[in-house]
Amino acid sequence: IIASLSLAFYSIISDAITRFSTENDSPLYYGLFLELIFGFIIATILLILANQIENIYNKPLSMIIRITSIVFLFTPFIESIKAFNLGKKRVLKVTIINLILQILLIVLYLLFFYYNRNAIFAALAFVIANIFTFLFILKYISFKKLFCIEKSQLIGRMKKYIKNGFIFGLTKNLYFQIPFLIGGYFVSSVELAFYAFSLSLGMQGIYTFISSLHTIFLPYAVELRSKEDVAKYTSAIIKFGTLMTLILYALILLIVH
């Protein structure tokens, strides 16, 4: 539920930040402002409807939902800064932010699970990891600029991009989330967890080269290359990505059997 909502509302905004931040940092603060609004609205709705969601799934979810909904107050900062740095070709900073979040998640999950294997502790680990990552990226943000966003032609183009792509942003991740949203109603949480783990293994290879394709089509990358060069790199990414994905799938099948 949390992943579906965050990906749906942040996706197109983060894409817009990456695309338009090549000129200046105003797209960062406009995008961050929008994500904060959506984050606050989603967090409020989840807090209000937690009991109703629990009743629908007939599982003890209300406290977990209330805890994890807190992340919507912090993830807008994390996602916006990552998108901005990607647009500015600061790939190392994006990698460091991702690395910090993932290491914190792994360490906190292990610590909390060692103490108590309860889903509430997993939710707490998720929130704490995002809070610490938020504290790390605060040095990249000027709150003065956040509340003094200048109107410009660039922001106008960004608004149009978000408006035109909003429905696409809402739906493009549903393909992966629907099995969890619907399946959670029919199967146990343990069975759903095994499915999620299996899916994450299978998707790693695909996401790796899809991200590479996304990067090669960023404005600064396209502007520096001819059409022939872009086509050549795109072809190379698809061929290499397909090969690595097939190898990954073969390894998974061997491990499973």
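The shown structure was predicted, so the numbers you read here are calculated from the model rather than taken from an experiment.

To continue, consider the overall build of the protein chain. Looking only at helices and strands, the protein chain features twelve helices and zero strands. Reading the protein chain from its N end, one meets helices and strands in the order α-α-α-α-α-α-α-α-α-α-α-α. The C-alpha extent of the protein chain, read off along each of the three principal axes, is 50 × 50 × 35 Å. Burial status across the protein chain gives 39% buried among its 257 residues. Measuring between centres, the 22 positive side-chain charges of the protein chain sit 3 Å from its 11 negative side-chain charges.

What follows covers a nonpolar patch on the surface. Residues Phe33, Ile37, Phe40, Ile41, Ile45, Ile48, Leu49, Ile70 and Leu73 make up a contiguous nonpolar surface patch of about 790 Å² in total accessible area. Within the secondary structure, Leu49 is located in helix H2 (residues 26-57). Looking at Leu49, the relative accessible area reads 36%, which means it is partly exposed.

Each α-helix winds once per 3.6 residues, and so residues spaced three or four apart point in a common direction. Of all the bends in H2, the largest measures some 60 degrees and sits at Leu49. Phi for Asn58, located one or two positions after H2, is positive at around 55 degrees.

This part takes up the nonpolar core. The biggest cluster of nonpolar side chains holds 25 residues, and the ones touching the most others in it are Ile137, Ile141, Met158 and Ile162. Within the residue set of this core, elements represented by two or more residues are helix H1 (2-20), H2, helix H4 (75-87), helix H6 (119-137) and helix H8 (153-171). Ignoring sequence-local partners within four residues, the contact set of Ile162 consists of Ile12, Ile13, Ala16, Tyr30 and Leu34.

Looking now at unusual backbone geometry. With a phi angle near 55 degrees, Asn58 is a residue other than glycine that sits in the positive phi range. With respect to the helices and strands, Asn58 occurs in the loop between H2 and helix H3 (62-68).

Bringing the packing of aromatic side chains into the picture now. Counting across every chain of the model gives eight aromatic pairs. Taken together, a centroid distance of 5.9 Å and an interplanar angle of 50 degrees make the contact between Phe77 and Phe143 tilted. Highlighted residues: Phe77 in helix H4 and Phe143 in helix H7 (residues 143-146), separated in sequence by 66 residues. Given a relative accessible area of 37%, Phe143 falls into the partly exposed group. In textbook terms, an aromatic cluster arises when at least three aromatic residues are bridged by ring pairs, as seen for Phe74, Phe77, Phe134 and Phe143.

Turning our eyes to something else, we now look at the side chain of Asn130. Checked against the element boundaries, Asn130 lands in helix H6. Looking at Asn130, its side chain comes within polar contact range of the main-chain oxygen of Phe126, at 2.8 Å. Discounting chain neighbours no more than four positions away, the residues touching Asn130 are Val71, Phe74, Thr75, Ile78 and Leu101.

A few words now on the packing of H4 against H6. Here H4 crosses H6 at 50 degrees, and the two axes come no closer than 9 Å. Classified by the angle their axes make, H4 and H6 are oblique. By crossing handedness, the relation of H4 to H6 is classed as left-handed. Of H6, the residues touching H4 (which contributes Thr75, Phe77, Ile78 and Ile81) are Asn130, Thr133, Phe134 and Ile137. Taken together, the residues that form the contact of H4 with H6 break down as five nonpolar, three polar and no charged.

Looking at the protein chain as a whole, the pLDDT averages 82, with 94% of positions reaching at least 70. Between the elements of the protein chain, mean pLDDT differs from a low of 66, seen in helix H11 (residues 219-224), to a high of 91, seen in H6.

All chains considered together, the criterion is met by two salt bridges. In this structure, the salt-bridge partner of Lys145 is Asp25, at a minimum N-O distance of 2.8 Å. Taken together, the residues span a long stretch of sequence, with Lys145 in helix H7 and Asp25 in the loop between H1 and H2 at a distance of 120 residues. Using a relative accessible area of 26% as the deciding quantity, one classes Asp25 as partly exposed.

Conventions we followed
- Residues numbered from 1 in each chain as written.
- Predicted model: local features only at pLDDT ≥ 70, side-chain atom pairs only at ≥ 80, totals over all residues.
- Heavy atoms only, no water.
- Helix = DSSP H or I, 4+ residues; strand = E, 2+ residues; numbered from the N terminus.
- Buried < 20%, exposed > 50% of the residue type's maximum accessible area, 1.4 Å probe, protein only.
- Lys, Arg positive; Asp, Glu negative; His and termini not counted.
- Charge placed at Lys NZ, Arg CZ, Asp CG, Glu CD.
- Patch = residues over 30% accessible without salt bridge, like charges linked within 9 Å, V, L, I, M, F, W, Y side chains within 5 Å.
- Areas by Shrake-Rupley, 256 points an atom, 1.4 Å probe, with all protein chains shown as cover.
- Salt bridge = Lys/Arg side-chain N within 4 Å of Asp/Glu carboxyl O.
- Bend = angle between axes of the 7 residues up to and from the residue.
- Core = buried A, V, L, I, M, F, W, Y, C linked by side-chain atoms within 4.5 Å.
- Contact = heavy atoms within 4.5 Å.
- Phe/Tyr/Trp six-rings, centres within 6.5 Å; stacked < 30°, edge-to-face > 60°.
- Polar contact = N/O pair within 3.5 Å; in protein donor to acceptor, adjacent residues only side chain to side chain.
- Axes fitted to C-alpha atoms, helices over the stretch in contact; angles between N-to-C directions.
- Parallel < 35°, antiparallel > 145°, perpendicular 65-115°, else oblique.
- Left-handed = near helix turned anticlockwise from the far one by under 90°.
- Nonpolar A, V, L, I, M, F, W, Y, C, P; charged D, E, K, R; others polar.
- pLDDT = per-residue confidence, 0-100.

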